[in-house]
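Observations on the model geometry
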Amino acid sequence: MNPFLLRNIIFPLYHRMTGSGVMGRVRELRRNQWLSRDEILALQKKKLCLLLRHAFENVPFYRERFTAAGLSVSDLDDPAAISCLPLLTKKEINEHQQIMLAENKAGGRLIANSTSGSTGEALRFFTDMRSTACRRAVAIRNQEWLGVKLGDPQASLWGAAMDIKKLANIRGRVHRWFNNYIILSSYNLDPSSLREYIVQLNRFAPVLLTSYPGPIAELAGFMLSQGFQVPSVKAIISSAETLYPWQKEIVERAFSCPVYNRYGCREFGDIAHECERREGLHVNVDRCLVEILDPWGQACAPRVSGEIVVTDLDNYGMPLIRYRIGDRGKFSDRSCSCGRGLPLMEEIEGRTLDVIRAPNGSALGGTFWTLLFRSRPGIQSFQVVQEEIGGIIVKYVPDQSAADGFLEYFTEKIQEKCGHDFRVDFQPVERIEQTVSGKTRFIISKLGNGPDAVEEKATQKGIKG
Ligand SMILES: [Zn+2]
């Protein structure tokens, strides 16, 4: 498909015929990005007040919440009123589905959506037509930052079975054709499928490649070891998991192009995205409100890490207000040299529950483990599993260049942090298993009623998506 034809004729025509409203949103978002910080935040506040008022007037679940918080409709002209609302959990959404839908059917037809549970409890929710168009439009804007134009060929190395299944039916094929897009499954990354993927990529010649960090790093490692190249790729988006520096390095070396970080999820689409300068992730504040909160529910200062809570400013059909997404991150106190007014997030630290705990009070997140196992040869890839507080199992794929005593060295380093009684069992494996949604989890904590219990059950029942 010719990108020029697609960009200028077919894509706009397709969206005009379907009445999606995507092109209008794209134009609006392109303008917004160059507003000053104050102007764009004023726009966000206006959208927030409209949403809060709509939720009060039309959504029984929120009407009850606002009333319980002592708020009346007139209070909602102040965007700060949102801080009086309790945070929203996945469990609450699942339990109160019907009363969370707008009675006046604002936003148009509802589209059912769900998450697999790999990032916590599985969630069933709805997005309306308007927010679906906004999500699509914001993704187009964010990709333009990387020099990827509407209509340019794109590929994904993706694991969400739901997306793959959706794109396999006739409607999905039409969608892929109109969007000049192919999807490759990240489930089976053995040498023969990796070789086949490289052939497919070179045939299709995508400009943009989107993936989870784990699978793209695996593909990149294979390309480097076998001398393969995919020269058409000009930008890579890494999404859905924490991107570690060693992964970024290997991917950029294999593809000879930059890797950009995207923070998004199925519930909201793209929340924040790096631009061409890569000085942080620009928050799409004209699409959603991101709050970063301390354990007492107060807003964290820039550069202070806290829990990420998100409000979708466009989904009127089933408003998600102050939703606990389950990740931690921090805002930046800097502005990006690109000149866009959209504020920056410094980093996304991953899931709030991706932490190994020890009886001495230590809580060690992903960064500790990746830095440790990269600090000397011996371990190619790993997964730390905690089933009880007193110890961990480290599953690892051995590295041929390991020197004697590397496991003792790692054990000693872990016990320095977690106490000398802390048990560390190393288990060599051939490969690290992926989750039901095709992601690679470096840390799995099964302490308490953590979300991993849900993922585990989903695996046992063979639930996909
Ligand atoms: Zn920028």
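In what follows, the accompanying structure is described. Everything numeric in this text was worked out from a predicted model, so none of it was measured. (Residues numbered from 1 in each chain as written. Predicted model: local features only at pLDDT ≥ 70, side-chain atom pairs only at ≥ 80, totals over all residues. Heavy atoms only, no water.)

Points about the pattern of salt bridges
Close approach of charged atoms lets side chains of opposite charge pair. Definition in use: For this analysis, a salt bridge means a side-chain nitrogen from Lys or Arg found within 4 Å of a carboxyl oxygen belonging to Asp or Glu. In DSSP terms, a helix is any run of H or I states spanning at least four residues, a strand is any run of E spanning at least two, and both are numbered starting from the N terminus. Here the term buried applies to any residue with accessible area under 20% of the maximum for its type, exposed to any over 50%, and partly exposed to those in between, with areas from a 1.4 Å probe on protein chains only.
Taken as a whole and assessed by the stated rule, the structure comprises 22 salt bridges. A salt bridge links glutamate 28 to arginine 25, with the nearest nitrogen and oxygen atoms 3.6 Å apart. With glutamate 28 and arginine 25 both in helix H2 (residues 22-32) and three residues apart, the pair spans about one turn of that helix. On the accessibility criterion, arginine 25 (22% relative accessible area) is partly exposed. Note that aspartate 312 is salt-bridged to arginine 287, the shortest N-O span being 2.8 Å. One end of the pair, aspartate 312, is in strand S11 (residues 306-312); the other, arginine 287, is in the loop between strand S9 (281-283) and strand S10 (288-293), and 25 residues separate them in sequence. The two residues aspartate 312 and arginine 287 agree in class, both being buried. Through salt bridges with shared partners, one network takes in Lys47, Arg287, Asp312 and Asp314.

Structural notes on the nonpolar core
Which entries qualify depends on this criterion: Here, the term nonpolar core denotes a set of buried Ala, Val, Leu, Ile, Met, Phe, Trp, Tyr and Cys residues that are joined through side-chain atoms within 4.5 Å. Contacts are assigned to residue pairs with any non-hydrogen atoms lying within 4.5 Å of each other.
Ranked by internal contacts, the top residues of the largest apolar core, which has 60 residues, are Tyr62, Phe66, Ile271, Ile308 and Ile325. Looking at this core, the element that brings in the most residues is helix H3 (residues 37-58), giving six residues. Not counting residues within four places of it along the chain, the set of residues in contact with isoleucine 271 comprises Tyr263, Gly264, Cys265, His282, Val283, Asn284, Cys288, Val290, Val310 and Ile325. Grouped together as the second largest cluster of nonpolar side chains are 26 residues, Leu194, Leu201, Met223 and Phe255 included.

Notes on the pairing of strand S7 (residues 259-265)
Rules: Whether two strands pair comes down to DSSP finding at least two bridges between them.
Burial analysis of S7 places six of its seven residues in the buried class, the great majority of the element. Inspection of the sheet shows strand S6 (residues 235-238) paired to S7 by three bridges, in the parallel sense. By the bridge assignment for S7, serine 238 is matched with asparagine 261. Inspection of the sheet shows S7 paired to strand S8 (residues 269-274) by four bridges, in the antiparallel sense. Of the residues in S8, the one forming a bridge with glycine 264 is aspartate 270. Between S7 and S8, which pair antiparallel and follow one another directly, the connecting turn spans three residues.

Here we look at the side chain of arginine 262
Operational definition: Here a polar contact is recorded for every N or O atom pair within 3.5 Å, except that within protein the pair must consist of a potential hydrogen donor and a potential acceptor, and residues adjacent in sequence are included only if both atoms are side-chain atoms.
Positionally, arginine 262 belongs in strand S7. What makes arginine 262 buried here is its relative accessible area of 16%. At a separation of 3.0 Å, a polar atom in the side chain of arginine 262 contacts the side chain of serine 239. Each residue touching arginine 262, except ones within four places of it in the same chain, is listed here: Trp158, Thr210, Ile237, Ser238, Ser239, Ala240, Asp270, Ala272, His273 and Leu281.

Details of the coordination of the zinc ion
Which entries qualify depends on this criterion: With water excluded from the atoms, a metal site may look incomplete; its donors are any N, O or S atoms within 2.8 Å, or within 3.2 Å for Na, K and Ca. Sites are called tetrahedral only when four donors show all angles between 85 and 135 degrees, square planar or octahedral only when four or six donors show opposite pairs over 155 degrees and all other angles between 65 and 115, and irregular in any remaining case.
Ligation of the zinc ion by protein atoms is provided by Cys275 (SG), His282 (NE2), Cys336 (SG) and Cys338 (SG), these donors lying 2.1 to 2.3 Å from the ion. Seen from the zinc ion, its four donor atoms lie at angles of 101 to 119°, and the figure they make is tetrahedral. Mapping the donors of the zinc ion onto the primary sequence gives the spacing C-x6-H-x53-C-x1-C.

A look at the sheet that holds strand S16 (residues 379-388)
Threshold: For helices, the fitted line uses only the C-alpha atoms of the stretch in contact; every axis is such a line through C-alpha atoms, and the angle between N-to-C directions lies from 0 to 180 degrees.
What the four strands build is an open sheet, ordered S18-S17-S16-S19; its pairing is mixed. The strands lining the two open edges of the sheet, one partner per strand, are strand S18 (423-428) and strand S19 (443-445). Between one strand axis and the next, the sheet turns by 20° as a mean value, whatever way the strands run. Where strand S17 (residues 391-398) and S18 come together, six bridges link them in parallel fashion.

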